[in-house]
Each structure stands twice: as structure tokens, then as C-alpha cells.
Amino acid sequence: MSGAELCMFLESVLALLETDNTDKAIQVIKNGIKRIDKGTTSSSEDVKDKNC
């Protein structure tokens, strides 16, 4: 997951939490964790992107 993707992910979670949609926020976080885990086990390239 690149820095830009992580930033978009965090903005999405924040928006869900601000609208009291905690169940959906929890699901998005769990999916993000799975995606990050999948990326660390593959030979993906680590991109350092500070465009947040």
C-alpha cells in the first residue's frame, strides 16, 4: 500500500467515524490490515509517498 493509498484509507476511516458509522469503519480497517499483510508477503515495491 503506497503512502497515497494509506492516506485515502485513513481519510475514509475518519469520515466513517465522524458520521458514527463505526461498524463500517471497523470493516474498512480489517480489510486494510488484510491488504497491508498481503502486500508485505508479496514482492511489492515500497513506495514512499508523502502526498497526503
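Everything discussed here concerns the structure shown above.
**Remarks on the overall build of the protein chain**
Logical step 1: When you go through the protein chain residue by residue, the secondary structure sums to 2 helices and 0 strands.
Logical step 2: On the protein chain, roughly 4300 Å² of surface is accessible, and the fraction owed to carbon and sulfur atoms is 55%.

**Quick look at helix α1 (residues 3–18)**
Logical step 1: In a regular helix each residue adds 1.5 Å, so 16 residues correspond to 22 Å; α1 covers 22 Å between its end C-alpha atoms and thus fits that length.
Logical step 2: Taken residue by residue, α1 has Cys-7, Phe-9, Val-13 and Leu-16 as its buried positions.
Logical step 3: Backbone geometry just after α1 places Asp-20 at a positive phi near 60°.

**A closer look at unusual backbone geometry**
Logical step 1: One non-glycine residue, Asp-20, lies in the positive phi region at around 60°.
Logical step 2: Here Asp-20 lies in the loop between α1 and α2 (22–41).
Logical step 3: Owing to a relative accessible area of 67%, Asp-20 belongs among the exposed residues under this scheme.

**Digging into the nonpolar core**
Logical step 1: Listed in full, the 5 residues of the largest apolar core are Phe-9, Val-13, Leu-16, Ala-25 and Val-28.
Logical step 2: Counting residues per element, the ones that place at least two in this core are α1 and α2.
Logical step 3: Counting residues per element, this core draws most heavily on α1, at 3 residues.
Logical step 4: Not counting residues up to four positions away in its chain, the partners in contact with Ala-25 are Val-13, Leu-16 and Leu-17.

The rules behind the values
- Residues numbered from 1 in each chain as written.
- Predicted model: local features only at pLDDT ≥ 70, side-chain atom pairs only at ≥ 80, totals over all residues.
- Heavy atoms only, no water.
- Helix = DSSP H or I, 4+ residues; strand = E, 2+ residues; numbered from the N terminus.
- Areas by Shrake-Rupley, 256 points an atom, 1.4 Å probe, with all protein chains shown as cover.
- Expected span 1.5 Å × (residues − 1).
- Buried < 20%, exposed > 50% of the residue type's maximum accessible area, 1.4 Å probe, protein only.
- Core = buried A, V, L, I, M, F, W, Y, C linked by side-chain atoms within 4.5 Å.
- Contact = heavy atoms within 4.5 Å.

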